[in-house]
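# Examination of the molecular architecture
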Amino acid sequence: MLKIWGRKTSSNVQAVMWCVAELGLPYERIDAGFNFGVVNTPDYLAMNPNGTVPTLIDGDNPPLWESGAILRYIANSYAPEGFWPSDPVARAFVDQWAEWSKISFTLSFTGPVFWKVVRTAPSRRDAKAIADALAVLDKKLDIAEAQLTKTPYLAGSELTLADIQFGHCLYRYFTIDIKRRNRPVLSAYYERLTNRAAYATHVMVPYDDLRVTD
Ligand SMILES: N[C@@H](CCC(=O)N[C@@H](CS)C(=O)NCC(=O)O)C(=O)O
C-alpha cells in the first residue's frame, strides 16, 4: 500500500496522485502542507527534511521525497511496459521528455506565471514580469506543440510518465487568467487528458484556496 503525504492542491502531489490512479494502485493520501501544517512537525521532518510535499512510503521501505524520484520509483516498481519501457533507449526517450517537462516547462510555469498570477494579490501583480515569463513559457510550449504534432502523447502513442510530468500543469495553464497563444494540437491533447478519470480526479482540483486577494 502506498502512503502519500500531501494536500490535493499541490501540483507535485497531483502528479504523483495522477500517476498512482492511472496505474490503479491502492493508496492512502494524508493531507499535509500549506493550511494543513504537518510538514513542520518533527515526525514529518524525520521523513522529509525539506518540509515539503509529497512524501511517499511504500510498505516497509524508507520514505521518499522529490516528486520526480517518486514518480520514477512508482514507474520502476509498478508500471506496464507502455508507460515506462524496460529497454534503456526507449526508457531514456520517455525520461528525456519527463525531465524536460519538470525542469524546463514546469519551472517556467509554476513560479514565474502561476504564482505571479494566482498567488499574488492583483494590486501587487507585475504585468511586465508575467508577460516576460509567458514569452519564455511560450517557447517551451512551442516545443510541446511540435512534438505532439508527431505523436498523440508526449513520448509516443501511449500515455507515459512524460505526460504525467507535463500534463499535470496544463489544467492550471488552461484555466488561469493569462494570454494563451492558439495551439490547436496542445489544446486537443489537454482535452484528451481532461477526459481521463484519473486526471479529472487528481489534477483538475480547484486552486481557490491558494489565491491571494487584495
Ligand atoms: N522539488 C520538490 C518540490 C516540493 C515542493 O516544493 N512542494 C510544495 C508544494 S507543490 C510544498 O511542499 N509547498 C509547501 C507546502 O505545501 O506547505 C518536488 O518535486 O517534490
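Just so we're clear, the structure is a prediction, and the values are computed from it rather than from any experiment. (Residues numbered from 1 in each chain as written. Predicted model: local features only at pLDDT ≥ 70, side-chain atom pairs only at ≥ 80, totals over all residues.)

## A word on unusual backbone geometry
With the exception of glycine, most residues fall at negative phi, and the peptide bonds are largely trans. Note the cut-off: Helix and strand definitions here come from DSSP, where helices need a minimum of 4 consecutive H or I residues and strands a minimum of 2 consecutive E residues; each element is numbered from the N-terminal end. Exposure is read from a count of other C-beta atoms within 10 Å of each residue's own; the residue is exposed at 12 or fewer, buried at 20 or more and partly exposed in between. C-beta atoms are placed from the backbone.
Of the consecutive residues Val-53 and Pro-54, the connecting peptide bond is found in the cis state with omega at 5 degrees. Mapped onto the secondary structure, Pro-54 falls in the loop between helix H2 (42-47) and strand S3 (55-58). In this structure, Val-38 takes a positive phi of about 70 degrees despite not being glycine. Residue position: Val-38 is located in the loop between strand S2 (27-30) and H2. Taking the number of C-beta atoms within 10 Å as the measure of exposure, Val-38 has 18 and is therefore partly exposed. Look at Glu-66: it is not a glycine, yet its phi comes out positive at around 75 degrees. Structurally, Glu-66 can be placed in the loop between strand S4 (64-65) and helix H3 (67-78).

## Re H3
Worth spelling out the cut-off: A helix's residues, less one, multiplied by 1.5 Å, set its expected span. The arc in question is the one traced by the directions running from the helix axis out to the C-beta atoms.
Between the first and last C-alpha of H3 there are 16 Å, a value that for twelve residues agrees with the 16 Å anticipated at 1.5 Å per step. Along H3, the positions that sit buried rather than exposed are Ser-67, Ile-70, Leu-71, Ile-74 and Ala-75. Here the buried residues of H3 occupy an arc of 130 degrees about the axis, which is enough to place them on one side. Across from the buried face of H3, at angles greater than 90 degrees, the exposed residues are Ala-69 and Asn-76.

## What about the site of the ligand?
Where we set the bar: Here, nearness means that the C-beta atom of a residue, built from backbone geometry, sits within 6 Å of the molecule or strand in question. Three residue categories are used. Nonpolar comprises Ala, Val, Leu, Ile, Met, Phe, Trp, Tyr, Cys and Pro, charged comprises Asp, Glu, Lys and Arg, and polar comprises the others, including Gly.
In the vicinity of the ligand, the residues found are Ser-10, Ser-11, Asn-12, Gly-33, Phe-34, Val-39, Thr-52, Val-53, Glu-66, Ser-67 and Gly-68. Grouping the constituent residues of the shell around the ligand by class yields three nonpolar, seven polar and one charged.

## Topic: the pairing of S2
Within a regular strand, side chains alternate between the sheet's two faces. Our working rule: Two strands are counted as paired when DSSP detects at least two bridges linking them. By convention a crossover is right-handed if, when the strands point away from the viewer, the path from the first strand over the helix to the second runs clockwise.
Sheet topology note: the strand S1 (residues 2-5)/S2 ladder contains four bridges and is parallel. From the neighbouring strand, Ile-4 faces S2, where its bridge partner is Arg-29. Of the crossover connections in this fold, the one passing from S1 over helix H1 (residues 11-22) to the parallel S2 is right-handed.

Keep in mind these numbers describe shape, not what the thing actually does.
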